[in-house]
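# Architecture at a glance
Here is how the chains run, residue by residue.
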Amino acid sequence: MIDFLQAVGDGIFIGLVYALLGLCIVIIFKASETFNFAIGEFLVFGAFLFYVLFFDLGFPIVVAFPVGLAAAAAVGGIIEWFSIRPLLGRSPLSMTMVTLGLAMVMRAVIQFIWGSHSYSFFLELPDITVEKGEFLFISDPIWAGMLSIVTFIVILLFLFRTRWGLAIRAVSEDQAKAMAFGINARFILLIIWAISAACIAVAGIMISNFGALSVTSVSVGLRSIPVVLIGGMDSIIGALVAGIIVGVTESLAGAYIEPLGLVGFKEVAPYFMMLIVLFIRPYGLFGTVRIERV
Amino acid sequence: MKKKALVGLSILILSFLILPFSITAKEIKTLSQFPMSGPTGSLPEFGWGFIDGMTWVNAEGGGVNGKNIKWYLEDMRYSPTVEVATFNKYAAEHDSSELILASGYITGGLKPLISKVNIEEKIPWLDGSYSNEIFGSGGGPSKYPYYYSLGATYGDQLKILVRWIAKNHKGKGAPRVGFVYSPTAWGRDGLPGALAYGRSLGIKWVAEIEYPYSATSATSECMTLRKKKAQYVIYHGYSGATGHTAIFFKTAKKILRKAQLLGTQYTTMTITIAVVQDAFDGYIGVSTRPVGDAIPRSAADMSNPMIKLTHQFAKKYRPKEYKAGLRGGIKDMFLYMEGLQYAFMLQKALTEADNGAGLTRRGVKEALDNLVWDFKGMFDGKTFSYKSHTIPMARLYKANVKMVKIKGKKFPTGKLTPVSDWINTDKTEW
Amino acid sequence: MLSINNLRVVYHDVISVLNGISLEVKEGEILVIIGANGAGKTTLLRTIAGMIHFYNGDIIDGDIKMGDVSIKGLDSSDIMKRYSLTYVMEDRPIFEYLTIEENLKAASYSRWDNKVKDDIEMVLDYFPGLKRTFNRRAGYASGGEQQMLAIGMALMTKPRMLLLDEPSLGLAPLITRELFQIIQKLNRSGITVVLVEQNAFAALNIGNRGYVVEMGRVVLDGEGQELLKNEDVREFYLGAGETTRKSFKDAKRYKRRKRWL
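Residues numbered from 1 in each chain as written. Chains lettered and ligands numbered in written order. Predicted model: local features only at pLDDT ≥ 70, side-chain atom pairs only at ≥ 80, totals over all residues.

### Concerning the overall build of chain C
This is how the line gets drawn: By the criteria applied, helices consist of DSSP H or I runs no shorter than four residues and strands consist of E runs no shorter than two, each listed in order from the N terminus. Exposure in this text rests on C-beta crowding, where 20 or more other C-beta atoms within 10 Å of a residue's own make it buried, 12 or fewer make it exposed, and counts in between make it partly exposed. The C-beta atoms are placed from the backbone. We call two residues in contact whenever the C-beta atoms placed from their backbones are within 7 Å.
Secondary structure assignment for chain C yields 10 helices and 10 strands. Looking at chain C as a whole, 43% of its 261 residues qualify as buried. By sequence separation, contacts in chain C at least 24 residues apart represent 67% of the contacts at least 6 residues apart.

Okay, structure coming up:
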């Protein structure tokens, strides 16, 4: 029982980071029906921007963190401006294809600027390790989980409590209608990409803090696929729930199934979970069931 | 008239085709492949070392008794497919009397080439692989007569670690050891041998964990080891310069506070200090080459002649990269030395062949088989014989890392210091 | 106020929809545009509102002028901001997943001032029915309420000119009448209205002038009452001609656009 609770706890903390990744995919998908396959590259790029500010230029964390996120947002906006915007009004599929190309270009740029070796990454956050008897939750994942959920809530408040958020939700529902009512859909899309890039950077920084930062971390972006498919491509709450499901699944698979001799099962467990969910609910747990009336 | 012109033209074309062969003298050609780019956190230092080494060999080192070596270098991008394809291309393009020595880099490329290299082409092949299956008990010179490795096999490296645990274990009961390995050919390689050897020494294996490259967290792996009360953890088959190594060590330091971490060749590097930082402190690992770099570089231990030579080379040929160090330069002299080692080995093998049985593939093989060398003092004066087709030398190192505060931020400093003498694995009674 | 001169629009570079259409909107009037399915009425409104590019259309000839200034090629939000022109798309252009209140607020985006609350009150005065479902998702409102909301949202943008695309589509006759009364009321408050309608009879009744569009051209124009009496108009668009129906075009099929959200 203790093992189980320990594994679930570990899973939840990392799951919250996955939830944040899921959210970044979902807000872009809601707005433009585009799946951002470059999420892993955004993650590494954002983390590197922070790295430059914090480790190379030596700014204190209270400066480096917001400035790093702002820089990541700016990069997200710029990328949207030259790669996604020209395709506005075209098929969402073509934008999705563009993000695939974007992933390659960004990876090349990252390797060009920072090389492909690892950079040590160590934020001196206060130690909040929890140890009670058999239970042990170490500091870094707790920080990562907490910061991710805080970011998640900030985004939710932004979307549901501010005027900009309202405009974003309107554009997400229908770009044409939003444009007809004077909402600058192009600009809103840019904002969405910027926000998404900043959130991904938060996830990137927290994940890098587990170990080191290198271009190989782009594979973390793949974790967002089971998250959004389990939760539903267009559901924010689905991203949260599915993120935790994926984290816990991974952790339980690592604690219980891998020792049985199924090495590497931890990696595929989320995808098994995804298949099961998709069999039962093809639109994901919280995805909108789409009705086509003719 | 038309017919005459046609005949004339074909003679002209034919002569162009034949001419190059008839005019140029026989060359000494070698093919080397290194990972200089690619997705898995690869490093350009190998290639730099090799290029500088070969430049020196041809310009100042005397070549092969005065003859220049025509060396080809290809980037194999950590991909067995690329390695195999490149070799096939060169084998087809170049005359077998000219291309007389080749080198590769990973186990994955060795296996598909077994029959091509050993039976068809019969070309001596140096490799960076430490595969137990090919060079260790399962293979060896009798089975793969043309494969040569530039270091002790992973099987032997692991045995050295296991023996260290058995010898140095204090406290009651059998030592409880966990084994963490990478999901790769070389990660799984040597595992069964090491387990069996450990059991014979009275070691209790408590967990075998395959830890993936794409890991974002090592919590569940470390929690399993904690649950099984592992006192020692052997971490095998990873590069010390990668993120997942940093994740594992950092997490292990926090969860398995008392456990001793041990590792094989590519974790036993100075760059690991920079990436893993203070979580690397106290680590014990095997190396098949002298590890002499330090952070900062000025603290490097220069007592080993090969290390000294490596630094001289880097200073001479890559002053910019040498100075840049961790910032996009030569991050670890150890990596640079590996490239250099290939260059020296090529020169030595070809020279010995020229002195002996002649500059043919057979001749080079004979020279390698009979080679007894101190490798420019690499093993602190000890010599080795290449009879086993591996350079059978290895040494244990311990990491000492201290975090130093500069301008309010902590930076890692330290180096790896030897804790054993050079061990000749061919001569060791296991 | 608004004049269109010899306008030609093609979709996807090949499908020619407007073939040199010319018309004029006078300040303060209700202009009715009627025409068969596929005549180019909706395209005309999209082009005026600056949204034709979004639908992969292109203006290849002609000009759109607001007063003396050409607004051809301007972005929809620019046209709205500079000329207070608002386009209410067909098929109740509301955000179904937002509440009615949020819908109205979202429509005020282009203004960015503090008078939004007062304006919402003003809209609710026009459409008291919306008060009942003020905090419910707009998708749950009835068809009539949704259309009222759509016009209400247009009012939030403070328009001087409204382009209405088939507001009576799918509404009960009683509600259509109420809607048209409100449109008249809006017109009296100073808003110029361009009304594209299937329900030609009701529309021409409140309209000052009318155009009949066919194959992307104006084929007939005149005073509202005058058109109502026209033989051809009666036959084709009012279904009240002497002879039996000659065209099946007026049996318009309505196909909902694919919705993703």
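### Points about the overall build of chain B
Rules: Each radius of gyration reported is based on C-alpha atoms, and the globular scaling rule is 2.2 Å times the count of residues to the power 0.38.
Within chain B one finds 16 helices and 16 strands. A compact globule built from 430 residues should have a C-alpha radius of gyration of about 22 Å, and chain B, at 23 Å, falls within 12% of that. Referenced to the eigenvectors of the C-alpha coordinate spread, the extents of chain B come out at roughly 95 × 50 × 45 Å. Once local pairs closer than 6 in sequence are excluded, the contacts in chain B between residues at least 24 apart make up 67%.

### Some thoughts on the interface of chain A and chain C
The interface of chain A with chain C comprises 24 residues on the first partner and 28 residues on the second. Among the elements of the structure, α6 (163-173) and α7 (175-180) of chain A are those that each provide at least two residues to the side of chain A that touches chain C. At six residues, the largest contribution of residues to the side of chain A that touches chain C is made by α6 of chain A.

### What about the sheet that holds strand β2 (residues 15-25) of chain C?
All names here are of chain C. So the rule is basically this: Note on pairing: DSSP must find at least two bridges between two strands before they are called paired.
An order of β2-β1-β4-β5 is seen for the four strands of this open sheet, with the pairing classed as antiparallel. Two strands bound the open sheet, and with one partner strand each, they are β2 and β5 (69-70). Pairing analysis gives two bridges linking strand β4 (residues 57-66) to β5, with the strands arranged antiparallel. Paired with Lys65 across the two strands is Ser70, which belongs to β5.

### Examining the domain arrangement of chain B
Put simply, an interface is often sized by how much accessible area is lost when its parts join up. Residue and element names in this part refer to chain B. Condition: Domain start and end points were adopted from an automatic or database domain assignment. The residue classification treats Ala, Val, Leu, Ile, Met, Phe, Trp, Tyr, Cys and Pro as nonpolar and Asp, Glu, Lys and Arg as charged. All others, Gly included, are polar.
Taken domain by domain, chain B comprises domain 1 (27-152 + 304-385) and domain 2 (155-287 + 393-427). Look at where the C-alpha atoms of domain 1 and domain 2 centre, and you get two points 28 Å apart. Contact with domain 1, which involves 21 residues of that partner, is made by 21 residues of domain 2. Sorting the residues of the side of domain 1 that touches domain 2 by element identifies α4 (107-110) and α6 (132-135) as the ones contributing at least two each. The residue inventory of the side of domain 1 that touches domain 2, partitioned by class, reads seven nonpolar, nine polar and five charged.

### Observations regarding the sheet that holds strand β6 (residues 85-88) of chain C
Residues and elements named next belong to chain C. This is how the line gets drawn: Lines fitted to the C-alpha atoms define the axes, with helices restricted to the stretch that makes contact. Angles between their N-to-C directions range from 0 to 180 degrees.
Read from one edge of the open sheet, six strands run β6-β7-β8-β3-β9-β10, paired in mixed fashion. Each edge of the sheet is formed by a strand with only one pairing partner; in this case those strands are β6 and β10 (217-223). Within this sheet the neighbouring strands show an average axis-to-axis angle of 15°, counted without direction. Pairing between β6 and strand β7 (residues 161-165): four bridges, direction parallel.

### Some words on the packing of helix α1 (residues 2-32) of chain A against helix α10 (residues 219-227) of chain B
This is how it is decided: Angles below 35 degrees are treated as roughly parallel, those above 145 as roughly antiparallel, those between 65 and 115 as roughly perpendicular, and all remaining angles as oblique. Left-handed describes a crossing in which the near helix is turned anticlockwise from the far one by less than a right angle; the clockwise case is right-handed.
Put simply, α1 of chain A and α10 of chain B touch, their axes get as near as 10 Å, and they point 160° apart. With respect to α10 of chain B, the axis of α1 of chain A lies roughly antiparallel. In this structure, α1 of chain A crosses over α10 of chain B, and the sense of that crossing is right-handed. On α10 of chain B, the residues touching Asp3, Gln6, Ala7 and Asp10 of chain A of α1 of chain A are Thr219, Ser220, Met223 and Lys227 of chain B. A class-by-class count of the residues in the contact of α1 of chain A with α10 of chain B yields two nonpolar, three polar and three charged.

### Quick word on the confidence of the model for chain C
Residue and element names in this part refer to chain C. To keep things clear, this is the line we draw: Known as pLDDT, the predictor's confidence for each residue is given on a scale from 0 to 100.
Per-residue confidence for chain C gives a mean pLDDT of 83, with 91% of residues at or over 70. Low confidence marks residues 250-261, where pLDDT is under 50. Its contacts with residues over four positions away, or in another chain, come to 17 contacts. ipTM for the predicted complex: 0.85, alongside a pTM of 0.83.

### Brief notes about the environment of Leu171 of chain C
Residue and element names in this part refer to chain C. Within the element layout of this structure, Leu171 appears in the loop between β7 and α7 (173-188). According to the C-beta neighbour criterion, Leu171 is buried, with 21 such atoms within 10 Å. Between the C-alpha atoms of Leu171 and Glu145, which are 26 residues apart in sequence, the distance is 9.9 Å. Look past the residues within four positions of Leu171 in its chain and what remains in contact with it is Gly143, Gly144, Gln147, Thr176 and Leu179.

### Observations concerning the interface of chain B and chain A
Taken together, the contact between chain B and chain A spans 34 residues of the former and 34 residues of the latter. The set of elements that each furnish at least two residues to the side of chain B that touches chain A consists of α10, α11 (243-255) and α12 (270-276) of chain B. At eight residues, α11 of chain B tops the list of elements feeding residues into the side of chain B that touches chain A.

### Some points on the packing of α6 of chain A against helix α8 (residues 185-208) of chain A
Residues and elements named next belong to chain A. At a closest axis distance of 10 Å, the pairing of α6 and α8 adopts a crossing angle of 110°. If you check the angle between α6 and α8, you find them roughly perpendicular. Residue-level contacts link Trp164, Ala167, Ile168 and Val171 of α6 to Ala185, Ile188, Leu189, Ile191 and Ile192 of α8. For the contact of α6 with α8, the class distribution of residues is nine nonpolar, no polar and no charged.

### Regarding the nonpolar core
Stated formally: Joining buried Ala, Val, Leu, Ile, Met, Phe, Trp, Tyr and Cys residues through C-beta atoms within 7 Å gives a set, and that set is a nonpolar core.
Ranked by internal contacts, the top residues of the largest apolar core, which has 315 residues, are Leu20, Leu23, Ile183 and Ala201 of chain A together with Val233 of chain B. Viewed by domain, this core spans two of them, domain 1 (27-152 + 304-385) and domain 2 (155-287 + 393-427) of chain B, each represented by three or more residues. Excluding residues within four positions of it along the chain, Ala201 of chain A makes contact with Gly46, Ala47, Leu49, Phe50, Gly68, Leu69 and Ala72 of chain A.

### Some details on the environment of His169 of chain B
Within the secondary structure layout, His169 of chain B lies in the loop between α7 (154-168) and β6 (176-181). Judged by local crowding, His169 of chain B falls into the partly exposed class, with 19 C-beta atoms found within 10 Å.

### Some points on the arrangement of the chains
A comparison of contact numbers over the two pairs of chains in contact places chains A and B at the top. For chain B and chain C, which are not in contact, the least C-alpha distance works out to 33 Å.

### Notes on helix α2 (residues 39-56) of chain A
Residue and element names in this part refer to chain A. For the record, the criterion: How far a helix is expected to stretch is found by multiplying one less than its residue total by 1.5 Å.
The end-to-end C-alpha separation of α2 is 24 Å, in line with the 26 Å expected for 18 residues at 1.5 Å each. For α2, the tally of buried residues reaches 15 of 18 residues, placing the bulk of the element in the interior. Phi for Gly58, located one or two positions after α2, is positive at around 75°.

### A closer look at unusual backbone geometry
A cis geometry characterises the amide bond from Ile295 of chain B onward to Pro296 of chain B, with omega recorded as -10°. Relative to the assigned elements, Pro296 of chain B resides in the loop between β11 (294-295) and α13 (305-317). Backbone geometry places Glu33 of chain A, a non-glycine residue, at a positive phi of 60°. Counting through the fold element by element, Glu33 of chain A comes out in the loop between α1 and α2. Classification of Glu33 of chain A as partly exposed rests on a count of 18 C-beta atoms within 10 Å.

### Quick notes on the pairing of strand β3 (residues 99-104) of chain B
Residues and elements named next belong to chain B. Where burial is concerned, most of β3 is hidden: six out of the six residues are buried. Where strand β1 (residues 28-34) meets β3, four bridges bridge the pair, whose relative direction is parallel. By the bridge assignment for β3, Leu31 is matched with Ala102. Summarising the sheet, β3 and strand β4 (residues 125-127) pair through three bridges and their orientation is parallel. Along β4, the bridge assignment pairs Gly104 with Asp127.

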